[in-house]
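Here are the chains, one letter per residue:
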Amino acid sequence: MSPRVSHNRVVETAGERWIGDFVLQEELGRGGMGVVYKALRPSDGALAAIKILPLAMSLDDARLRRFEREGRLAQQVRHPNLVCVEESGRLADGTLYLRMELLRGPTLRDALAEAGGRLNPQDALTTCLQIARGLAAMHAAGIVHRDVKPSNVMWADSQRNEAKLLDFGIARELDGQEDLTAERSTIGTARYMSPEQCIGTARLTGATDVYSLGVVLFESVTGVHPLVQGNDSREELLELHRLGAPKRLEQIWPEAPAGLILLLDALLNRDPVRRPTAHDVIEKLSALIPIVPSGPLPIAAASDVTGADQTADPQAPDLGAYVEAVKESGPPRKIRKPHTTISTILGGVGVILVLLGATEGMLRWTTGKGTSGLMDWMRRGSKRTGRIPMMGPNKPR
């Protein structure tokens, strides 16, 4: 569904700003992709969230197209665990807007901060189950989210019964040809990006969202990131996702159910082909929720936990399928190797000459002959005695 063109303007009357039948109220948030307002329709008291791309931001062509794509993709799929975009359009003055359902609950990021970094296992698994359901609907519609993270998960109300996935700003169609990012560039939130996303793979699949969900699940249960140890830079985070060995759940929660340990290992597999689908995740989490604790856990200190031994990493990928994913994005980044210098070559030659000189001296000292007569001397001596001649200062005269 394409964004419809509205002939409404942002009308200001007696200090009030209107978009169509809705009057804008307080600002709820702002970022690089627009400003979100709470809005009221006075005729029936309906509330909504309206996201606006200010005209100044519209001057950036890539931002403009992403905003339009967000509205179009969000209206292609409807699911209780995805934020509902009810209308998207362009006002007569050129302003782009999205009208969405208004969510009144906290984000998962806020909930984690309030709870000291982690939820009880049952709440964590229930929340991620709901997000997996939303992702399954997106993937069935041919859309990859590409930015699954705690700040993009929000509950419908303060009771936290229904979690929803937000922000289709960098979502894209699985079979889409257009990419609004630079060729083979990396886009997303580095802390939650999949390995294939980190290398700028052009053709991402639903497996990239499943990996990000695995990171969110691990964090929500344990309070620690499966890879990050400190304040790593973006480049370091991308390298960790590509090459690092994730922590394993039993290192932090020794009594964790085996099924949850195996699920997280699979979700965080570096090979996208070997990860479960969103439907698989739904099935596994549904079976695990009744058997995990509903109260807080004694968790090992994050500083005491390191990544699994890379040499025995049970989730180390069969790189066949992964290499194919890398090939789609073009040649990998060239790794700089040390250059062989003339001085290094000359140094090596010098060492060889010194060793040859020392050998010559030793031979003259022990046999009275240099290397040129060594073989002949040894041959004559062996014929006379049947033995190789003795060498050294105490040889018979």
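Residues numbered from 1 in each chain as written. Predicted model: local features only at pLDDT ≥ 70, side-chain atom pairs only at ≥ 80, totals over all residues. Heavy atoms only, no water.

Engineer: What is the right way to look at the nonpolar core in this model?
Structural biologist: Soluble globular proteins: nonpolar side chains tend toward being buried together. Among the nonpolar cores identified, the biggest contains 72 residues, and L125, L217 and L249 are the most heavily contacted of them. At 10 residues, helix α4 (residues 121–140) tops the list of elements feeding residues into this core. Counting 11 residues, the second-largest nonpolar core is a separate cluster that includes I19, L24, L91 and Y97. (Core = buried A, V, L, I, M, F, W, Y, C linked by side-chain atoms within 4.5 Å. Buried < 20%, exposed > 50% of the residue type's maximum accessible area, 1.4 Å probe, protein only. Helix = DSSP H or I, 4+ residues; strand = E, 2+ residues; numbered from the N terminus.)

Engineer: Sorry, what's going on with the side chain of S220 here?
Structural biologist: For S220, the position within the fold is in helix α6 (residues 207–222). A relative accessible area of 1% places S220 in the buried class. Every residue in contact with S220, bar those within four places of it in the chain, is listed here: L108, L112, R118, L119 and A124. (Contact = heavy atoms within 4.5 Å.)

Engineer: Help me out: how do you make sense of the layout of surface pockets in this one?
Structural biologist: In this approach the atoms are scanned with a rolling probe the size of a water molecule, which exposes any empty space left behind. The computed volume of the largest pocket comes to approximately 1100 Å³. If you go around the largest pocket, you meet 39 residues; those closest to its centre are V36, S151, N152, L166 and D167. Broken down by secondary-structure element, the contributors of at least two residues to the lining of the largest pocket are β4 (22–31), β5 (34–41), β6 (46–53), α2 (61–74), β8 (96–100) and α3 (108–114). In terms of residue count, the dominant contributor to the lining of the largest pocket is β4 (four residues). The residue makeup of the lining of the largest pocket, split by class, is 17 nonpolar, 11 polar and 11 charged. (1 Å grid on protein atoms, 1.4 Å probe; cavity = no way out; pocket = protein on both sides within 12 Å on 5 of 7 lines; lining within 4 Å. Points joined across faces, edges and corners; volume = space filled by probe spheres on them. Nonpolar A, V, L, I, M, F, W, Y, C, P; charged D, E, K, R; others polar.)

Engineer: Any chance you could explain the confidence of the model for the protein here in plain terms?
Structural biologist: Should pLDDT be low for a region, the predicted coordinates there are not to be read in detail. Per-residue pLDDT for the protein has a mean of 76; in total, 68% of the residues score no lower than 70. Residue range residues 1–11 is modelled with pLDDT below 50. Its contacts to residues more than four positions away, or to other chains, number 34 contacts. In the model, residues 308–342 has pLDDT below 50 throughout and makes 48 contacts with residues more than four positions away in sequence or in other chains. (pLDDT = per-residue confidence, 0-100.)

Engineer: Would you mind going over helix α10 (residues 278–288) with me for this structure?
Structural biologist: One turn of an α-helix holds 3.6 residues; hence residues three or four places apart share an orientation. Within α10, burial applies to A278, V281, I282, L285 and L288. For α10, the arc enclosing every buried residue in end-on projection is 135°, short of the 170-degree limit, so these residues lie on one face. When the buried face of α10 is taken as reference, the exposed residues oriented beyond 90 degrees from it are H279, E283 and A287. Turning to α10, the residues buried within the fold contact α4, α6 and α9 (258–267). (Arc of directions from axis to C-beta.)

Engineer: Explain the side chain of T95 to me, please; I cannot follow it from the model alone.
Structural biologist: Within the fold, T95 resides in the loop between β7 (85–90) and β8. Take T95: its relative accessible area is 6%, and that puts it in the buried class. Contacts of T95, omitting those with residues within four sequence positions, involve I52, L53, L55, G89 and R90.

Engineer: Could you clarify how one ought to interpret the packing of α4 against α6 in this entry?
Structural biologist: How two helices pack is summed up by the angle between their axes together with the distance between the axes. Packing of α4 against α6 leaves a shortest axis separation of 10 Å and a crossing angle of 170°. The orientation of α4 with respect to α6, classified from their angle, is roughly antiparallel. Note on element contacts: α6 touches α4 through D209, L213, V216, L217, S220 and V221, opposite A124, L125, C128, I131, A132, L135 and H139. By residue class, the composition of the contact of α4 with α6 is 10 nonpolar, two polar and one charged. (Axes fitted to C-alpha atoms, helices over the stretch in contact; angles between N-to-C directions. Parallel < 35°, antiparallel > 145°, perpendicular 65-115°, else oblique.)

Engineer: I would appreciate a short explanation of the pairing of β7 in the present structure.
Structural biologist: In summary, the side chains of a regular strand alternate between the two faces of the sheet. Strand direction decides the pairing type here: β7 and β8, joined by five bridges, are antiparallel. Across the sheet, the residue bridging to E87 is R99, located in β8. Counted between consecutive antiparallel strands, the loop separating β7 from β8 contains five residues, among which G94 sits at a positive phi close to 95°. (Pairing = 2+ DSSP bridges.)

Engineer: Would you mind showing me how to read the pattern of salt bridges here?
Structural biologist: Any two side chains of opposite charge can pair, on the condition that their charged atoms come close. For the structure on display, the rule yields 16 salt bridges. Between R99 and E87 there is a salt bridge, with its nearest N and O atoms 3.3 Å apart. One end of the pair, R99, is in strand β8; the other, E87, is in strand β7, with 12 residues separating them in the sequence. Residue R99 is classed as buried on the basis of its relative accessible area of 15%. Across the pair D147 and K149 runs a salt bridge, and its minimum N-O distance is 3.6 Å. Assessed through its relative accessible area of 17%, K149 is described here as buried. (Salt bridge = Lys/Arg side-chain N within 4 Å of Asp/Glu carboxyl O.)

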